[in-house]
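# Summary of the model geometry
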Amino acid sequence: MENGAARTAPAVIVAIDGPSGTGKSSTSKAVATHLGLSYLDTGAQYRAITWWMVNNNIDITDPSAIAAVAGKPEIVSGTDPSAPTITVDGVDVSVPIRGQEVTSRVSAVSAVPEVRARITELQRSLAASARTGIVVEGRDIGTTVLPDADLKVFLTASAEARAARRSGELKGADVHATRAALIQRDAADSSRKTSPLAKADDAVEVDTTDLTLQQVIECVVTLVEEKRAAK
Ligand SMILES: Nc1ncnc2c1ncn2[C@@H]1O[C@H](COP(=O)(O)OP(=O)(O)OP(=O)(O)O)[C@@H](O)[C@H]1O
Ligand SMILES: Nc1ccn([C@H]2C[C@H](O)[C@@H](COP(=O)(O)O)O2)c(=O)n1
């Protein structure tokens, strides 16, 4: 090492993709916290722009109406994994974006190419400015947003496991209805033309069905450390 200077770990870019309820957010936040990286929830950004469309009475069934205003809202994501934030035009929307009104419309809004172009640009800029590196989670991070990521992980889990996790979270929500809604959203997200939900060819697939959250976190931390060591 030159002049005995302490070697700092090189910045590392991690892409975590997968269907709803596979554990992307929980895993990404914990991995980023453990490794001192930034964290970006890209689903929250698509939810935030959907919230703005709903609040501004934009016709969600009309892609050209969505495209015409896609550049208007200012979406700001805070990337501290211990306290991630999301605002639209300065308003904290972290709670309303999780509601049914947004969840049932987000696939339609996020399928519009102009929306994706706008949000993808934000995501790339946040990743480029992350000093120590970043964990970015979503649906198209490994395939489209950050195709040169150091590590790509694709999380999966059975529909039953995902529905049970979500029903537990929603305090007793009907597990069959939750399962049906997850499958419907995954189908919409996987079948859109522009950057659909997909596993990148070079992603490591981790089936979380029979793993605890802690086991998944440990698995991804190990994968990141291996990549870092090889840099
Ligand atoms: N391996 C696991 N075992 C048990 N529960 C888990 C596991 N992974 C995540 N969970 C729980 O499942 C729920 C969904 O997890 P999380 O929000 O991280 O998934 P997600 O993939 O980000 O979902 P979405 O894409 O819908 O935002 C949370 O309550 C989380 O605590
Ligand atoms: N990279 C991404 C992230 C999310 N979306 C869309 C599709 C999802 O149904 C929706 C909400 O995501 P969640 O909060 O459930 O992770 O946002 C996308 O198209 N691309």
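Residues numbered from 1 in each chain as written. Chains lettered and ligands numbered in written order. Predicted model: local features only at pLDDT ≥ 70, side-chain atom pairs only at ≥ 80, totals over all residues. Heavy atoms only, no water.

- Looking at an unreviewed UniProt entry, one finds the protein named Cytidylate kinase, with Streptomyces lannensis as its source organism.
- Quoted straight from UniProt, the Sequence similarities (unreviewed entry) entry for the protein says "Belongs to the cytidylate kinase family. Type 1 subfamily." (UniProt positions renumbered as here; feature names shortened; annotations may be inferred.)

## Some thoughts on the site of ligand 1
- Taken together, 18 residues are adjacent to ligand 1, and Lys 24, Ser 25, Ser 26, Arg 166 and Leu 211 come closest.
- Leu 213 places a main-chain nitrogen or oxygen 3.3 Å from a nitrogen atom of ligand 1.
- Taken by itself ligand 1 offers 630 Å² of open surface, and the protein chains cover 80% of this.
- Breaking the shell around ligand 1 down by element, the ones donating at least two residues are α1 (24-35), α8 (159-169) and α10 (213-230). (Near = heavy atom within 4 Å. Polar contact = N/O pair within 3.5 Å; in protein donor to acceptor, adjacent residues only side chain to side chain. Areas by Shrake-Rupley, 256 points an atom, 1.4 Å probe, with all protein chains shown as cover. Helix = DSSP H or I, 4+ residues; strand = E, 2+ residues; numbered from the N terminus.)

## Section: the site of ligand 2
- Taken together, 16 residues form the shell around ligand 2, and within it Arg 47, Arg 116, Asp 140, Arg 185 and Asp 189 come nearest.
- In the environment of ligand 2, an oxygen atom lies 2.6 Å from a nitrogen or oxygen atom belonging to the side chain of Asp 189.
- Measuring from an oxygen atom of ligand 2, one finds a side-chain N or O atom of Arg 192 at 2.8 Å.
- The set of elements that each furnish at least two residues to the shell around ligand 2 consists of α2 (42-55), α5 (106-110) and α9 (175-191).
- It is α2 that contributes the most residues to the shell around ligand 2, four residues altogether.
- When grouped by side-chain class, the residues that make up the shell around ligand 2 number three nonpolar, five polar and eight charged. (Nonpolar A, V, L, I, M, F, W, Y, C, P; charged D, E, K, R; others polar.)

## Quick look at the environment of Gly 99
- Assignment of secondary structure puts Gly 99 in the loop between β5 (91-92) and α4 (100-103).
- Between the C-alpha atoms of Gly 99 and Val 135, which are 36 residues apart in sequence, the distance is 25 Å.

## Examining the nonpolar core
- In terms of nonpolar packing, the biggest core is built from 23 residues, with Met 53 and Val 115 touching the most fellow members.
- For this core, the elements supplying multiple residues, two or more each, are α2, α3 (63-69), β4 (85-88), α5 and α6 (113-128).
- The dominant element in this core, judged by the number of residues it contributes, is α2, at seven residues.
- Counting residues in each nonpolar core, the second largest holds 19 residues, with Val 14, Leu 151, Leu 155 and Val 216 among its members. (Core = buried A, V, L, I, M, F, W, Y, C linked by side-chain atoms within 4.5 Å. Buried < 20%, exposed > 50% of the residue type's maximum accessible area, 1.4 Å probe, protein only.)

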